[in-house]
Amino acid sequence: MEHKLNFESLKKNVMDVIKESQMKLGYSRNAIGLYYQLDSLNCLLDADMDEADMKQALQEFAMFVREELGNISISESRARFCIRVPEEGVQYVHEKVEDSGFLREFIETMRGCGLNLERILRVFYHYSDKVICEKIENEEFDYLIYFEDGIPDEFWYCVKLEGGHAIYHRFTSKEYEKFGF
């Protein structure tokens, strides 16, 4: 690996995904497995590696996050990697990573019935006036919504509205731009 990998970006993403899960489902001290496609890991690490190099890089990442997340384990199958965070890492995220008021309110809104774009945008505008909302022309999602300056949340939210309910997936801007929708 010729250049320095962005382990901080991957660590932040792992912690953000765990925190999101805890906000949705409640805290459970159980270990958690997070699945990443090779392309997503390359985006997060600012790299362009094949599966073999990624396996090696993720072993280095495991050492990088050991103090905070414990002894994570890595497995791989067909360019899909699982980062398994042990109980102590899940507890660390619960205790040390602050809840995002925005994400908590967004998740609660998404659980509701009678959802429409206006109600979803109201949550975004409650936290910033620098909100971008774009109509997406594909079958998977209807809208892309994000904060222009990444404050208070740097993720890009793809939202699908269906009969008064909504689903979402969030991406880093790099992932969204690379994979496009």
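Student: Before we go on, may I ask you to explain the nonpolar core in this structure?
Tutor: Within soluble globular proteins, side chains that are nonpolar tend to cluster in buried spots. Counting 30 residues, the largest nonpolar core has Leu10, Val14, Phe61, Ile83 and Val85 as its most contacted members. Counting only elements with at least two residues in this core, the list comes to α1 (7-25), β1 (32-37), α2 (38-45), α3 (51-64), β3 (80-85) and α5 (87-96). With 21 residues, the next largest nonpolar core counts Ile120, Val131, Tyr143 and Val159 among its residues.

Student: Can you walk me through the layout of surface pockets in this structure?
Tutor: Where empty space is left in the structure can be found by rolling a water-sized probe over the atoms. Computed from the structure, the largest pocket encloses a volume of approximately 560 Å³. Sorting the residues of the lining of the largest pocket by element identifies α1, β1, α2, β7 (165-171) and α8 (173-179) as the ones contributing at least two each. The element contributing the most residues to the lining of the largest pocket is α1, with six residues. When the residues that make up the lining of the largest pocket are grouped by side-chain class, the tally is nine nonpolar, five polar and six charged. Reported here for the second largest pocket is a volume of approximately 300 Å³. If you tally residues by element for the lining of the second largest pocket, the top one is α1, at eight residues. The residue inventory of the lining of the second largest pocket, partitioned by class, reads seven nonpolar, two polar and eleven charged.

Student: So what exactly am I meant to see when it comes to α5 here?
Tutor: Residues that lie three or four places apart on an α-helix share one face, since the helix turns once every 3.6 residues. For α5, every residue scored as buried is listed here: Gly89, Val90 and Val93. In an axial view of α5, the angular spread of the buried residues amounts to 100 degrees, which keeps them on one side of the axis. For α5, the exposed residues set more than 90 degrees away from the buried face come down to Glu95 and Lys96. Those residues of α5 that are buried lie in contact with α1, β1, α4 (66-69) and β3.

What counts as what
- Residues numbered from 1 in each chain as written.
- Predicted model: local features only at pLDDT ≥ 70, side-chain atom pairs only at ≥ 80, totals over all residues.
- Heavy atoms only, no water.
- Core = buried A, V, L, I, M, F, W, Y, C linked by side-chain atoms within 4.5 Å.
- Buried < 20%, exposed > 50% of the residue type's maximum accessible area, 1.4 Å probe, protein only.
- Helix = DSSP H or I, 4+ residues; strand = E, 2+ residues; numbered from the N terminus.
- 1 Å grid on protein atoms, 1.4 Å probe; cavity = no way out; pocket = protein on both sides within 12 Å on 5 of 7 lines; lining within 4 Å.
- Points joined across faces, edges and corners; volume = space filled by probe spheres on them.
- Nonpolar A, V, L, I, M, F, W, Y, C, P; charged D, E, K, R; others polar.
- Arc of directions from axis to C-beta.
- Contact = heavy atoms within 4.5 Å.

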